[in-house]
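# Chain and residue survey
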Amino acid sequence: MTRLVAELGDITKLEVDAIVNAANESLLGGGGVDGAIHRAAGPGLLSECRALSGCSTGQAKITQGYKLPAKFIIHTVGPVWRGGGNNEAELLASCYRESLKLAAKYKFKRLAFPSISTGVYGYPIEQAVDIAITTVSTFLGSSVHDLEHVIFCCFSESDLNLYQSHLSALNQDE
Ligand code: ADP
């Protein structure tokens, strides 16, 4: 069974097959985790991203990891929170599913997600955590993949506490 864990840390430091980037539609870098990933990966990443011609919200594209300890980067574009009536929940779920589909296609064993859309894009954290954990656990239980370890990489103690309480609720349901 795949281990689903929440950890506090900097996603750019993780030695996994792939980390997920909360990118924007240009795929040309930005602030937050996107900026941190581009800085740590180095300029090779930007050149590869330029050739991808962007990415729609809810979709995902893959690049190499360059100077990161992670071998690959899966770039997904989360929705900007506009009050919740603009398909945000479905688009956020789609980010997780499309990233996992790529991870399955490439036969990755270890994958790490940041908390997509909950920084500059303003998605309410509690709702986003629920979508993240529900979507990932549903995918893992219903698809063919090689994933052994999926990490929710949290950037604050308060996010970590939320992920951990949702994960323990999930484990009690099983
Ligand atoms: P978005 O635009 O999708 O909201 P942000 O990068 O603004 O993306 O924020 C997404 C989450 O990533 C936030 O919880 C933010 O604190 C977190 N974050 C920022 N830098 C890092 C990092 N180096 N590692 C892990 N998470 C990070």
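Our subject is the structure listed above.
Below is a summary of the structure that appears in this document. These figures come from a predicted structure and were not determined experimentally.

It is worth spelling out the packing of helix α4 (residues 125-142) against helix α5 (residues 157-173) at this point. Contact geometry of α4 with α5 gives a least axis separation of 10 Å together with a crossing angle of 45 degrees. Taken together, the axis directions place α4 and α5 in an arrangement best described as oblique. Relative to α5, α4 is oriented so that their crossing is right-handed. Residues Ile125, Glu126, Val129, Asp130, Ala132, Ile133 and Ser137 of α4 form the contact with α5, whose own contacting residues are Asp159, Leu162, Tyr163, His166, Leu167 and Leu170.

Glancing now at the side chain of Thr76. Mapping Thr76 onto the fold places it in strand β4 (residues 72-77). At a separation of 2.8 Å, a polar atom in the side chain of Thr76 contacts the main-chain carbonyl oxygen of Gln59. The residues touching Thr76, leaving out its near neighbours within four places in the chain, are Val20, Asn21, Ala22, Ala23, Gln59, Ala60, Cys95, Ser99 and Ile116.

On to the nonpolar core. Of all hydrophobic cores here, the largest spans 37 residues; its most connected members are Ile74, Tyr96, Leu111, Phe113, Val136, Phe152 and Tyr163. Of all elements in the fold, only β1 (3-8), β2 (18-23), β3 (60-64), α3 (88-105), β5 (110-113), α4, β6 (149-154) and α5 reach the threshold of two or more residues within this core. Residues Ile11, Ile37, Ile73 and Cys153 belong to the second largest nonpolar core, which totals 19 residues.

A word on the sheet that holds β1. Working definition: the strands of a sheet are paired by backbone hydrogen bonds and lie parallel or antiparallel to each other. The 6 strands are arranged β1-β6-β5-β2-β4-β3 in an open sheet whose pairing can be described as mixed. With partners counted over all chains shown, the strands left at the sheet margins are β1 and β3, one partner each. Averaged over all pairs of adjacent strands, the angle between strand axes in this sheet comes to 25 degrees, irrespective of strand direction. Relative to β4, β2 is paired through 6 bridges, and the arrangement is parallel. Following the sheet pairing, Ala23 is matched in β4 by Val77. Docked against the sheet, helix α1 (residues 32-41) engages β2 and β4, running at close to 130 degrees with respect to β2. Across the sheet, helix α2 (residues 43-50) is in contact with β3 and β4; its angle to β3 comes to roughly 135 degrees.

Its place among the elements puts Ser94 in helix α3. With a relative accessible area of 10%, Ser94 lands in the buried category. Note: C-alpha distance between Ser94 and Gln59 (35 residues apart in sequence) is 6.8 Å. Beyond its immediate chain neighbours, meaning those up to four positions away, Ser94 contacts Gly58 and Gln59.

Every buried residue of α1 is accounted for by Asp34, Gly35, Ile37, His38 and Ala41. Considered in projection along α1, the buried side chains sweep an arc of 160 degrees and stay on one side of the axis. In α1, the exposed positions angled more than 90 degrees off the buried face are occupied by Gly32 and Arg39. Two residues or fewer after α1 comes Gly42, characterised by a positive phi angle close to 90 degrees.

Taken together, 15 residues form the shell around the ligand, and within it Asp10, Val33, Ser117, Gly119 and Val120 come nearest. Within the backbone of Val33, a nitrogen or oxygen atom sits 2.8 Å from an oxygen atom of the ligand. Note that an oxygen atom of the ligand is positioned 2.9 Å from one of the backbone N or O atoms of Ser117. Protein contacts shield 88% of the accessible area of the ligand, which totals 570 Å² for the unbound molecule. When residues in the shell around the ligand are grouped by element, the largest group, 3 residues, is from α1. When the residues that make up the shell around the ligand are grouped by side-chain class, the tally is 7 nonpolar, 6 polar and 2 charged.

The rules behind these values
- Residues numbered from 1 in each chain as written.
- Predicted model: local features only at pLDDT ≥ 70, side-chain atom pairs only at ≥ 80, totals over all residues.
- Heavy atoms only, no water.
- Axes fitted to C-alpha atoms, helices over the stretch in contact; angles between N-to-C directions.
- Helix = DSSP H or I, 4+ residues; strand = E, 2+ residues; numbered from the N terminus.
- Parallel < 35°, antiparallel > 145°, perpendicular 65-115°, else oblique.
- Left-handed = near helix turned anticlockwise from the far one by under 90°.
- Contact = heavy atoms within 4.5 Å.
- Polar contact = N/O pair within 3.5 Å; in protein donor to acceptor, adjacent residues only side chain to side chain.
- Core = buried A, V, L, I, M, F, W, Y, C linked by side-chain atoms within 4.5 Å.
- Buried < 20%, exposed > 50% of the residue type's maximum accessible area, 1.4 Å probe, protein only.
- Pairing = 2+ DSSP bridges.
- Arc of directions from axis to C-beta.
- Near = heavy atom within 4 Å.
- Areas by Shrake-Rupley, 256 points an atom, 1.4 Å probe, with all protein chains shown as cover.
- Nonpolar A, V, L, I, M, F, W, Y, C, P; charged D, E, K, R; others polar.

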